[in-house]
Amino acid sequence: MSTKLRKILTVLVVIVILVGWYITVFGIGSVSSIKDVMKFGLDINGGVYVVLEADENDIADLSGEDLARVMEQTRAVLNNRVNAMGISEATVSLEGNDRLRVEMPGVEDAQEAIDQIGQTAQLRFLLADGTEVLTGDDVKDANIDTDTQNGGYKIVLEFSDEGSEKFADATEKASGGSVTVADQFSGMGVDSRSIVIMLDDEIVTAPVASKTINSTTCEITSQGGGYSQEEASNTAALIRGGALPISLQEVSSSVQTATIGVDALDKSVIAGVIGLFLVFALMVFVYKLLGLIASVALMLYVLIVLWIMAGMGSVLTLPGIAGIILSIGMAVDANVIIFSRIREEISQGKTIRVAVDQGFKHALTTVLDAQITTLIACIVLYEIGSTTVKGFALTLMIGIIVSIFTAVVITQLFIGNLANSRKFAKNKYFGVNEDGSPKKILKKSFSFINHRKIFYCCSAAVIVVGLIVGAVRGFNYGIDFTGGTMIQVDMGKTVNVEDVQKSIADYDLKDLSIVLGGENQDQIIIKTTSALGNDGRAELIATLEEDFDVTEDDVLASEEFGPTVGDELKTNAVKSVLIAAVGMLIYIIFRFKSWKYGVAAISGILHDVLVVLAFYAIFNITINNPFIAGILTVVGYSINDTIVIFDRIRENKRLSKKEPSEVLIDRSINQTLDRSIMTSLTTLICMVPLFLMVSTSIREFVIPLMIGVTAGTYSSIFLCSPLYYEFSKNENKSKYIAAQQDKKKKGEKSSKKK
């Protein structure tokens, strides 16, 4: 690329960044700002989600394509039912093989919405004596119209041809007066001439048939002045939803108000900006002008990630925001690898221009290997994780791909201009001393292999203590693992926890926990392993309303998890780590042409997972759904760091074949030590503002990540490389012995000739 073209492209990139950020923040003309374009999740906008599981008896004989077909039919019916309720941007999606997740953003009357969705059994039409005469399959449509005779609104049903015949027979029997009211309808206002329309055990409506209706349509009216529009719409929606192919049971649900979400969103954005500028400052401080270029590339990186997500129609959740902020810290890694290689090339006496070309060339393989192994973990996380975790994984995947582009293309474009500049093509602008030696964070070289047994013992001690504590005391599982209920209420003032306990004592809640929350400690968070159900939650909330003078609007959040969800989460956690580890092992063996690298790297992953578990056990930190995302991200991050060191070992082995492995591995670790420290620092300083400023839900994501980043950096340096040495030292001995034997044979041949 010519120097002139490179300069033009550089100016264009800068203009794109400036204009792009202006549009992103403020919008321009018909182009809205990112906040108006982006779709936000329920944890930000507020709303309701409910996860429904197929009844085991209904799907016992189904598997594979048959189960998938039935679940898709059920999803379509629920989708019609939700849409008929008039909820904008509501979604019904499959989750796993036998579950459906219904999300209803912006719903104000959350309890009513859950009650509507929760009615999951088949729609039936019964005579007053309990005889079934039609099902939802016989109903083609149900709408509302104005009731000119009685006032208000009426419900208009349309039947299929077969359904109209069944309905004619049913109304003939009902209107004839020969039907006796069954005991199940006693005291429920059901007339002997009624056609009872039911969902599960609940009566939707029970209109009276005054005559035989031999038509494909019929009208349901209310003699007391007609139905209200809301009542008619809800009733028609339930009928129009049709029959579900299978029965469903609620396994988890959540109600969130926008109050918490908006506050958390604002704080997350502020935390992200702070984290971004801390990264900028650190990069400029360590890498000077190169650090400034990396900061510009990061500005473009964030811009691209946000607009890709908006263009894909992705739903941004609070964990997703955490993923973006975390990916900023990880995106720096590619730049750090490149900068380190450029500085090494300069220190070898090469000119700036040659050093830049060679630095990018040598760093490219390392960048790709490191990022692809992390991408494997993200893909597994996306495929196996829950909906919330999927959002986190998606942002990381997008971030990894974009980071490769910005580091390899954009950073190279800017640095290429520096290398061709008379003014800036100098050592001091590239983080190199005037004598050609690179400026390093740690100037001393360390002997890691000689002290490897000390590191083994330290790791073993932490893991053993943690596992013993976990076995004796048990791990502190959250309600999404154990099953249970969480309710968060804004009390308007600080209340005594004991008073709340007395208020709800009659509910006999298992493992009850009540803590204060909110900035002013004016909120209470109630957690129990008892699954209360919708009705139980409504009763408990009503008790709080009566005793503490709060209203439904003060209920900020309500969640429930069935015990089967927790069992599945535990299974998925183990499955995720195993699948990711196998995928990485195959990739590493393929790329490095040796099982030793792969097994050493996977050993480091196992170490990091056990260390994080030990930390959670020792400090009794709650293990919940975000923990799985944290573990998988730790796995990806740890392998990233390890691959960088292994790549250097592989390169040095090609250049110094006769050098002892102990010396070669120590030198490789020391050469990449600054990079390991910098990547860890940038990742951690991105997470610290999140940990300090944002909500508990975000903090639950950040804690395992902070622990894991530290453990991953430690294992890459102090464990994986020494383990590779353990696997390789016998190989070196064998080569030495073979060489000695060859030398001896040559000596014997020489003696015979004499």
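All values reported here derive from a predicted model rather than from experimental measurement. (Residues numbered from 1 in each chain as written. Predicted model: local features only at pLDDT ≥ 70, side-chain atom pairs only at ≥ 80, totals over all residues. Heavy atoms only, no water.)

Here we take up the environment of Gly474. Take Gly474: it is sitting in the loop between helix H14 (452-473) and helix H15 (479-482). Gly474 sits in the partly exposed class, given a relative accessible area of 24%. Taking the C-alpha atoms as reference points, Gly474 and Asn620, 146 residues apart in sequence, are found 8.8 Å from one another. (Helix = DSSP H or I, 4+ residues; strand = E, 2+ residues; numbered from the N terminus. Buried < 20%, exposed > 50% of the residue type's maximum accessible area, 1.4 Å probe, protein only.)

Another aspect to go through is the environment of Met38. Secondary-structure assignment places Met38 in the loop between helix H2 (34-37) and strand E1 (39-40). For the pair formed by Met38 and Met309, sequence separation is 271 residues and the distance between their alpha carbons is 7.7 Å. Beyond its immediate sequence surroundings of up to four residues, Met38 is in contact with Leu306, Met309, Ala310, Ser314 and Leu316. (Contact = heavy atoms within 4.5 Å.)

In spatial order, the strands read E7-E8-E11; together these three strands make up an open sheet with antiparallel pairing. The two strands at the open ends of the sheet, each matched to only one other strand, are strand E7 (139-146) and strand E11 (217-220). Between one strand axis and the next, the sheet turns through 25 degrees on average, direction left out of account. Judged from the four bridges that link them, strand E8 (residues 153-159) and E11 form a sheet pairing that is antiparallel. When the bridges of E11 are listed, Leu157 appears paired with Cys218. (Pairing = 2+ DSSP bridges. Axes fitted to C-alpha atoms, helices over the stretch in contact; angles between N-to-C directions.)

Secondary-structure assignment places Ser558 in strand E17 (residues 555-561). Look at Ser558 and you get buried, because its relative accessible area is 4%. Here Arg537 takes part through its side chain, which lies 3.0 Å from a polar atom of the side chain of Ser558. (Polar contact = N/O pair within 3.5 Å; in protein donor to acceptor, adjacent residues only side chain to side chain.)

So, about a nonpolar patch on the surface. Residues Leu5, Ile8, Val11, Leu12, Ile15 and Val19 make up a contiguous nonpolar surface patch of about 510 Å² in total accessible area. Here Val11 shows up in helix H1 (residues 3-26). (Patch = residues over 30% accessible without salt bridge, like charges linked within 9 Å, V, L, I, M, F, W, Y side chains within 5 Å. Areas by Shrake-Rupley, 256 points an atom, 1.4 Å probe, with all protein chains shown as cover. Salt bridge = Lys/Arg side-chain N within 4 Å of Asp/Glu carboxyl O.)

Turning our eyes to something else, we now look at the pattern of salt bridges. The final tally for this structure, using the stated rule, is 17 salt bridges. Residues Arg591 and Asp369 are paired through a salt bridge, measuring 2.7 Å at the closest nitrogen-oxygen approach. With Arg591 in helix H18 (residues 563-592) and Asp369 in helix H12 (residues 352-384), this pair connects stretches of sequence that are 222 residues apart. The class of Arg591 is partly exposed, set by a relative accessible area of 26%. Note that Asp369 and Arg650 form a salt bridge whose closest N and O atoms lie 3.6 Å from each other. Here Asp369 is found in helix H12, whereas its partner Arg650 is found in helix H20 (residues 625-655), with 281 residues between them in sequence. Here Asp369 falls in the buried class, since its relative accessible area comes to 1%. On the basis of relative accessibility, which here comes to 14%, the residue Arg650 falls in the buried class. Bridged by salt links that share partners, the residues Asp369, Arg591, Asp647 and Arg650 form one connected network.

Time to look at helix H10 (residues 289-312). For H10, built from 24 residues, the straight-helix expectation of 34 Å at 1.5 Å per residue is met to within 8% by its first-to-last C-alpha distance of 35 Å. Count one or two residues on from H10 and you reach Gly313, which has phi positive near 75 degrees. (Expected span 1.5 Å × (residues − 1).)

This paragraph deals with a negative patch on the surface. Taken together, the side chains of Asp161, Glu165, Asp169 and Glu172 define an acidic patch exposed on the protein surface. Taking relative accessible area as the criterion, Glu165 reaches 54% and is therefore assigned exposed. (Lys, Arg positive; Asp, Glu negative; His and termini not counted. Charge placed at Lys NZ, Arg CZ, Asp CG, Glu CD.)

On to the sheet that holds strand E14 (residues 484-490). Spatially, eight strands are ordered E3-E4-E2-E12-E17-E14-E16-E15 in an open sheet, and the strand pairing comes out antiparallel. Sheet topology places strand E3 (91-94) and strand E15 (513-517) at the edges, where each strand pairs with a single neighbour. Direction aside, neighbouring strands of the sheet carry axes that sit 15 degrees apart on average. Of the strand pairs in this sheet, strand E12 (residues 248-256) and E17 are connected by five bridges, and their pairing is antiparallel. From the neighbouring strand, Ser252 faces E17, where its bridge partner is Phe561.

Our focus in this paragraph is the packing of aromatic side chains. The final tally for this structure, using the stated rule, is 17 aromatic pairs. Measuring from ring centre to ring centre gives 6.4 Å for Phe125 and Phe159, while their planes differ by 70 degrees; the resulting arrangement is edge-to-face. Here Phe125, found in strand E5 (residues 123-127), pairs with Phe159, found in strand E8; they are 34 residues apart in sequence, far enough to count as distant. Taken as a pair, Phe125 and Phe159 share a single burial class, namely buried. Three or more aromatic residues joined by ring pairs make a cluster, and in this case those are Phe446, Phe448, Phe455, Tyr714 and Phe718. The ring of Tyr49 has Arg101 sitting right over it, with the charged end atom 3.9 Å from the ring centre. (Phe/Tyr/Trp six-rings, centres within 6.5 Å; stacked < 30°, edge-to-face > 60°. Lys NZ or Arg CZ within 6 Å of the ring centre and 35° of its normal.)

The next subject is the nonpolar core. Within the largest apolar cluster, 126 residues are counted, with the highest numbers of intra-cluster contacts made by Met283, Ile415, Phe430 and Phe646. Phe125, Val133, Ala182 and Ala236 belong to the second-largest nonpolar core, a separate cluster that totals 32 residues. (Core = buried A, V, L, I, M, F, W, Y, C linked by side-chain atoms within 4.5 Å.)

Attention now moves to the confidence of the model for the chain. Mean pLDDT over the chain stands at 81; residues scoring 70 or higher make up 88%. The weakest mean pLDDT in the chain belongs to helix H6 (residues 110-118) at 61; the strongest belongs to H14 at 92. (pLDDT = per-residue confidence, 0-100.)

Packing of H14 against helix H19 (residues 595-618) leaves a shortest axis separation of 8 Å and a crossing angle of 50 degrees. Regarding the angle of H14 to H19, the classification is oblique. When the axes of H14 and H19 are compared, the crossing they make is left-handed. Across from Ser459, Val462, Ile463, Val465, Gly466, Val469, Gly470 and Arg473 in H14, the residues of H19 making contact are His607, Leu610, Val611, Ala614, Ala617 and Ile618. Looking at the contact of H14 with H19 residue by residue, the class counts come to nine nonpolar, four polar and one charged. (Parallel < 35°, antiparallel > 145°, perpendicular 65-115°, else oblique. Left-handed = near helix turned anticlockwise from the far one by under 90°. Nonpolar A, V, L, I, M, F, W, Y, C, P; charged D, E, K, R; others polar.)

Its identity is not glycine, yet Asp508 carries a phi of approximately 50 degrees, on the positive side. Following the sequence through the fold, Asp508 ends up in the loop between helix H16 (497-503) and E15. Of note in the backbone geometry, Lys593 takes a positive phi value of approximately 60 degrees without being a glycine. Following the sequence through the fold, Lys593 ends up in the loop between H18 and H19.

In this section: the state of the cysteines. Inspection of every chain in the model, using the stated rule, returns zero disulfides. Cys457 takes part in no disulfide bond, and the closest cysteine sulfur to it belongs to Cys458, at a distance of 7.0 Å. Assessed through its relative accessible area of 53%, Cys457 is described here as exposed. (Disulfide = S-S within 2.5 Å.)

With three bridges joining them, E5 and strand E6 (residues 132-135) adopt antiparallel strand pairing. Across the sheet, the residue bridging to Leu126 is Glu132, located in E6. Between the end of E5 and the start of E6, which pair antiparallel, lie four residues, with Gly130 showing a positive phi angle near 95 degrees.

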